[in-house]
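Observations on the three-dimensional arrangement
Spelled out, the chains give:
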Number of protein chains: 4
Amino acid sequence: MTLPYLTPLSRSQMDGFGVPPDWPFGLMDRVRFSEIDALAHVNHTAYLRWFESLRVLYMRERGISPYDGTGPLIVLKSVSMEYRREMFLGEDYVVTARTVAFRRASLEMHYAAFAPDLRAEGTAVIVLMARDGSGKHPLTDAQKARLLELDGAEDASG
Amino acid sequence: MTLPYLTPLSRSQMDGFGVPPDWPFGLMDRVRFSEIDALAHVNHTAYLRWFESLRVLYMRERGISPYDGTGPLIVLKSVSMEYRREMFLGEDYVVTARTVAFRRASLEMHYAAFAPDLRAEGTAVIVLMARDGSGKHPLTDAQKARLLELDGAEDASG
Amino acid sequence: MTLPYLTPLSRSQMDGFGVPPDWPFGLMDRVRFSEIDALAHVNHTAYLRWFESLRVLYMRERGISPYDGTGPLIVLKSVSMEYRREMFLGEDYVVTARTVAFRRASLEMHYAAFAPDLRAEGTAVIVLMARDGSGKHPLTDAQKARLLELDGAEDASG
Amino acid sequence: MTLPYLTPLSRSQMDGFGVPPDWPFGLMDRVRFSEIDALAHVNHTAYLRWFESLRVLYMRERGISPYDGTGPLIVLKSVSMEYRREMFLGEDYVVTARTVAFRRASLEMHYAAFAPDLRAEGTAVIVLMARDGSGKHPLTDAQKARLLELDGAEDASG
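Residues numbered from 1 in each chain as written. Chains lettered and ligands numbered in written order. Predicted model: local features only at pLDDT ≥ 70, side-chain atom pairs only at ≥ 80, totals over all residues.

A separate point is the overall build of chain A. Secondary structure summary: chain A contains 3 helices and 6 strands in total. Beginning at the N terminus, the succession of helices and strands in chain A can be written as α-β-α-β-β-β-β-α-β. The globule rule puts the C-alpha radius of gyration for 158 residues at 15 Å, and the 16 Å found for chain A is close to it. Seen along its three principal axes, the alpha-carbon backbone of chain A occupies a region of about 45 × 35 × 25 Å. Burial analysis of chain A (158 residues in total) assigns 42% to the buried set. A sequence separation of at least 24 residues applies to 62% of the contacts in chain A between residues at least 6 apart. (Helix = DSSP H or I, 4+ residues; strand = E, 2+ residues; numbered from the N terminus. Rg over C-alpha atoms; globule rule 2.2 N^0.38 Å. Buried ≥ 20, exposed ≤ 12 C-beta atoms within 10 Å, placed from the backbone. Contact = placed C-beta atoms within 7 Å.)

This is the structure we're talking about:
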């Protein structure tokens, strides 16, 4: 299978890989040698790295932070992970993300890894902080509209 | 401050650093350059690495797995983290662990990082698997007794 | 630009990215958040991770080791790196590899990273070891023939 | 063995561990789970992380850069490594550093890891860059004097 990796997958590409339709955003990759630990499977922290990489691309694509030295800082408040089935060297996978709810200056996100069955799920609570140290950086109305439309997120900012 | 690092801290050493008395197991370390990310603070995955390192030592000290190619495999089922306050290059910290409950072949563990105020907290559910692939590897009575006595863990194995 | 990443680049794809013609083997990727260090550029060890990932694929494609629990162990004897120009978050690059010489059970390899100008160069001396601990694992004649033909490697095994 | 780790080892501590007398600067540590790769030994990049961590402490102790947002940037121009004997989970080691020569705004450093026999050796060429982007940041006479006295470095700055 040839899938792009430098840009998010299209809906039909995700369908073709078996990713459930409620995931609006995904990227393809392959397990690397450095992600394998002494137990000969993917280390539990590697999944968090995958979600982190995807989050950077997601924040750019959703217009929340360009990660170019401008825009809000994307700070993690909490994360959680559930490991479903171990992964091995060379496996292809799709990692997915969506915002399930947002508040004034924070997002609750879900993540998953498929290969193509579900291997791991994660959550993160993310706070947007002003780069000048002045405190939280609120979401704009345009950003909220995109999260409502593209992710089906719940607006908890009221 | 000069503290040993190759062995777990004593209770009085943890008291001296300000670690609350309900943490029975801790180790001292210092934030390294490779743990700092593009936001100039400790990356969220580094805490999980600290907890992983401590877990290896803990499993040895509690007599659960020697990590020498024998004994059960220590497999993560889930993890969670709460980040309280960011950490920076060169900060000294104590990372702590305890088992709060155990079942027949699994443990629910808590972790924390102090510097010396609380910087991050974590949980993990760990399953003991037989090395030969035959399935779960039950805790022995002696192991359960140690978890009850040293950690004050709840016995949910009944 | 859309380039494949799950398989080695073709010669024309490498030409299109500006990779010099003496590199027979390359892969496309993009700088990730976790590869950026406190100096806001790609950490020096990340390049070695790129070369390691490429080496695994290279060893499979050249028929030297399948990395599936069979075949020789690929052990590093030495590495070196020269850093030409720093790299930043989100940059696309092509990482390349070739064997410049081989002996009875070892290879001297060169590596580079282009984005698209040369950012870093590396070397590695690799020893093939038998998986059963019995010592070195010699290259077969078929493997030597491939290294001569595909990489233009020097045969120093005589 | 109980050895301090938050400060450089004394000469007698290094003697006690078997570190040759021409190494003026060393630190004790222990192999961690996250440093072990799929071959069940310390990954080749982990040694470079050890040298990096030691370099940060060395630059502070030699008064070259405080790593606190002031002082010159410590930029790697090249590195090399020779692997002598593999290392395993839980091994105690001493990692050592010294400057063998310096120029106007650069240092040639050597590194090693002992456990207690020599496991790996490395070199690095480091350039001091001004933090404001104005170019190289020359060594002061006081810094040169310390490198001459403490490391026995060659002065190639003339």
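Our next topic: the interface of chain C and chain D. Taken together, the contact between chain C and chain D spans 14 residues of the former and 14 residues of the latter. For the side of chain C that touches chain D, the secondary structure elements donating two or more residues are helix H2 (44–61) and strand E2 (73–83) of chain C. A total of 9 residues in the side of chain C that touches chain D trace back to one element, the largest contributor, which is E2(C). The residue makeup of the side of chain C that touches chain D, split by class, is 7 nonpolar, 4 polar and 3 charged. Note that E2(C) and strand E2 (residues 73–83) of chain D share 5 bridges and pair antiparallel. Paired with Val79(C) across the strands is Met81(D), a residue of E2(D). (Nonpolar A, V, L, I, M, F, W, Y, C, P; charged D, E, K, R; others polar. Pairing = 2+ DSSP bridges.)

Take the environment of Leu48(B) next. When you line up the elements, Leu48(B) lands in helix H2 (residues 44–61). Along the chain, Leu48(B) and Ala38(B) lie 10 residues apart, while their C-alpha atoms are 18 Å from each other. Filtering out sequence-adjacent residues up to four positions away, Leu48(B) remains in contact with Thr45(A), Leu48(A), Val79(B) and Met81(B).

Residue and element names in this part refer to chain D. Buried residues dominate strand E3 (residues 92–102), accounting for 8 of its 11 residues. The sheet contact formed by strand E1 (residues 25–30) and E3 spans 6 bridges and is antiparallel. Across the sheet, residue Met28 finds its bridge partner in E3, namely Val94. Relative to strand E4 (residues 106–114), E3 is paired through 8 bridges, and the arrangement is antiparallel. Considered in E4, the bridge of Thr96 is made with Ala112. In this antiparallel pair of consecutive strands, E3 and E4, the connection spans 3 residues.

Packing of H2(C) against helix H2 (residues 44–61) of chain D brings their axes to within 10 Å, and their N-to-C directions diverge by 175°. What the angle tells us is that H2(C) and H2(D) run roughly antiparallel. Counting all contacts with H2(C), which are made through Thr45(C), Leu48(C) and Arg49(C), the residues of H2(D) involved are Thr45(D), Leu48(D) and Arg49(D). Residue classes in the contact of H2(C) with H2(D) are distributed as 2 nonpolar, 2 polar and 2 charged. (Axes fitted to C-alpha atoms, helices over the stretch in contact; angles between N-to-C directions. Parallel < 35°, antiparallel > 145°, perpendicular 65-115°, else oblique.)

Right, let's get into helix H2 (residues 44–61) of chain A. Residues and elements named next belong to chain A. End to end, H2 covers 27 Å across 18 residues, agreeing with the expected 26 Å (1.5 Å per residue, within 8%). Most of H2 is tucked away: 14 of the 18 residues are buried. Trailing H2 by a residue or two, Gly63 shows a phi angle of about 70°, which is positive. (Expected span 1.5 Å × (residues − 1).)

Let us look at unusual backbone geometry. With omega at -15°, the peptide bond leading from Ala115(A) into Pro116(A) counts as cis. In this fold, Pro116(A) is placed in the loop between strand E4 (106–114) and strand E5 (118–129). For Tyr67(A), which is not glycine, the phi torsion reads 50° and is therefore positive. The residue Tyr67(A) is located in the loop between H2 and strand E2 (73–83) in this model. Looking at Tyr67(A), the number of C-beta atoms within 10 Å reads 19, which means it is partly exposed. With a phi close to 70°, Ala40(D) is a non-glycine residue in the positive phi region. According to the C-beta neighbour criterion, Ala40(D) is partly exposed, with 14 such atoms within 10 Å.

With that settled, consider the confidence of the model for chain A. Per-residue pLDDT for chain A averages 93, and the proportion of residues at 70 or more is 96%. Confidence metrics for the complex model read pTM 0.95 and ipTM 0.94. (pLDDT = per-residue confidence, 0-100.)

With that settled, the discussion passes to the relation of the copies chain C and chain D. Expressed as a screw transformation, the operator carrying chain C onto chain D has a rotation angle of 180° and an axial translation of 0.0 Å, and the superposed copies differ by an RMSD of 0.0 Å. Both chain copies can therefore be described as sitting about a two-fold axis. Within chain C, the C-alpha atom positioned nearest to the axis of rotation is that of Ser80(C), 2.0 Å from it. A share of 100% of interface residues in chain C that are also interface residues in chain D marks the association as one of identical surfaces. (Least-squares fit on C-alpha atoms with pLDDT ≥ 70 in both.)

Residue and element names in this part refer to chain A. Positionally, Phe51 belongs in helix H2. Classification of Phe51 by C-beta neighbours within 10 Å gives buried; the count is 25. For the pair Phe51 and Thr123, spaced 72 residues apart in sequence, the C-alpha separation works out to 9.4 Å. Apart from the residues within four sequence positions on either side, Phe51 is in contact with Val95, Ala97, Tyr111 and Gly122.

What follows deals with the environment of Trp23(D). Residues and elements named next belong to chain D. Of note, Trp23 is situated in the loop between helix H1 (11–17) and E1. Taking the C-alpha atoms as reference points, Trp23 and Gly152, 129 residues apart in sequence, are found 9.9 Å from one another. Setting aside anything within four residues of it in sequence, one finds Trp23 in contact with Met14, Thr96, Arg98 and Ala112.

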